[in-house]
Amino acid sequence: MVGQNPYAQYKNSKILTASPAELTLMLYEGAIKFCNIAIMGIEQNDVEKTHNNIVKVQRIIDEFRATLDHKYPVSEDFDRVYVYILQRLFEANVKKDKEILEEVLEHLRSMRDTWKEVMNSCRERGAV
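Criteria and cut-off values
- Residues numbered from 1 in each chain as written.
- Predicted model: local features only at pLDDT ≥ 70, side-chain atom pairs only at ≥ 80, totals over all residues.
- Heavy atoms only, no water.
- Helix = DSSP H or I, 4+ residues; strand = E, 2+ residues; numbered from the N terminus.
- Buried < 20%, exposed > 50% of the residue type's maximum accessible area, 1.4 Å probe, protein only.
- Contact = heavy atoms within 4.5 Å.
- Areas by Shrake-Rupley, 256 points an atom, 1.4 Å probe, with all protein chains shown as cover.
- Lys, Arg positive; Asp, Glu negative; His and termini not counted.
- Charge placed at Lys NZ, Arg CZ, Asp CG, Glu CD.
- Salt bridge = Lys/Arg side-chain N within 4 Å of Asp/Glu carboxyl O.
- Core = buried A, V, L, I, M, F, W, Y, C linked by side-chain atoms within 4.5 Å.
- Patch = residues over 30% accessible without salt bridge, like charges linked within 9 Å, V, L, I, M, F, W, Y side chains within 5 Å.
- Expected span 1.5 Å × (residues − 1).
- Polar contact = N/O pair within 3.5 Å; in protein donor to acceptor, adjacent residues only side chain to side chain.

## Things to note about the overall build of the protein
1) Next: A count of helices and strands for the protein gives five helices and zero strands.
2) Next: With respect to the three principal axes, the spread of C-alpha positions in the protein is 50 × 45 × 20 Å.
3) Next: Evaluated residue by residue, the protein yields a buried proportion of 34% over its 128 residues.
4) Next: Sequence-distant contacts in the protein: of pairs separated by 6 or more residues, those separated by 24 or more amount to 60%.
5) Next: Looking at the protein as shown, the accessible area adds up to about 8400 Å², and 55% of this sits on carbon and sulfur atoms.
6) Next: Side chains of the protein give 18 positive and 20 negative charges; the mean places of these two sets differ by 4 Å.

## Side note on the pattern of salt bridges
1) Next: In the structure shown here, the tally under the stated rule is nine salt bridges.
2) Next: Because the salt bridges share partners, they merge into one network encompassing Glu29, Arg112, Asp113 and Lys116.

## A few points about the nonpolar core
1) Next: Of all hydrophobic cores here, the largest spans 25 residues; its most connected members are Val57, Ile61, Leu89, Leu101 and Leu108.
2) Next: Looking at this core, the elements with two or more residues in it are helix H2 (20-43), helix H3 (47-66), helix H4 (74-95) and helix H5 (98-125).
3) Next: Among the elements that line this core, the one with the most residues is H2, at eight residues.
4) Next: Those residues in contact with leucine 108 that sit more than four places away from it in its chain are Tyr28, Ala31, Ile32, Cys35, Val57, Ile61 and Ile85.

## A few points about unusual backbone geometry
1) Next: The residue asparagine 45 is not glycine, and still its phi comes out positive at about 55 degrees.
2) Next: Inspection of the secondary structure assignment puts asparagine 45 in the loop between H2 and H3.

## Quick notes on the side chain of aspartate 79
1) Next: Within the element layout of this structure, aspartate 79 appears in helix H4.
2) Next: Those residues in contact with aspartate 79 that sit more than four places away from it in its chain are Arg65 and Leu68.

## Quick look at a nonpolar patch on the surface
1) Next: Together, Tyr72, Val74 and Phe78 give the surface a local cluster of nonpolar side chains, amounting to about 280 Å² of exposed area.
2) Next: Along the chain, the position of tyrosine 72 falls in the loop between H3 and H4.

## Notes on the environment of glutamine 87
1) Next: Tracing the sequence through the fold places glutamine 87 in helix H4.
2) Next: On the basis of relative accessible area, glutamine 87 is assigned to the partly exposed category, the value being 49%.
3) Next: Glutamine 87 sits 29 residues away from glutamine 58 along the chain, and the two C-alpha atoms are 9.5 Å apart.

## Re H5
1) Next: When the terminal C-alpha atoms of H5 are compared, their 41 Å separation across 28 residues agrees well with the 40 Å that a helix rising 1.5 Å per residue should span.
2) Next: Within the sequence span of H5, burial applies to Ile100, Leu101, Glu103, Val104, Leu105, Leu108, Met111, Arg112, Met119 and Cys122.
3) Next: Residues of H5 that are buried in the fold lie against H2, H3 and H4.
4) Next: One side-chain oxygen at the N-terminal end of H5 lies 2.9 Å from the backbone nitrogen of glutamate 99; it belongs to aspartate 97.

The quantities given are spatial measurements derived from coordinates; they are silent on function.
Here is the structure:
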């Protein structure tokens with residue numbers, strides 16, 4: 001570990017010690033970050049940057065889908081939203097369409113904000 005970037009060490013430690021709820025929040029934050037970078041890629045006419053970051057968002061959404069617990073009926077609702085977001089990401093990648101990515105960004109921010117509310121509510125009840 002000698003010579004490793006202190007920021008990288010901190011980030012790794014943060015991930016390793018995070019609760020499942022915190023990891024989910026980090027994934028939402030990452031998806032938002034990569035979507036913003038993809039939008040910048042479109043603005044800069046950087047096709048590779050746009051593509052690579054859209055793919056990163058898609059992988060995060062795929063992870064969310066893979067970890068849904070289907071014993072709860074609400075998981076089907078989440079799955080439908082995730083499938084829709086994946087379809088829009090695919091379309092945005094093919095067309096390099098900034099407006100589609102901005103729509104996806106709105107959905108991701110809304111889901112992230114809802115997740116934060118759930119986490120805060122659970123903390124207040126002592127459930128986290």
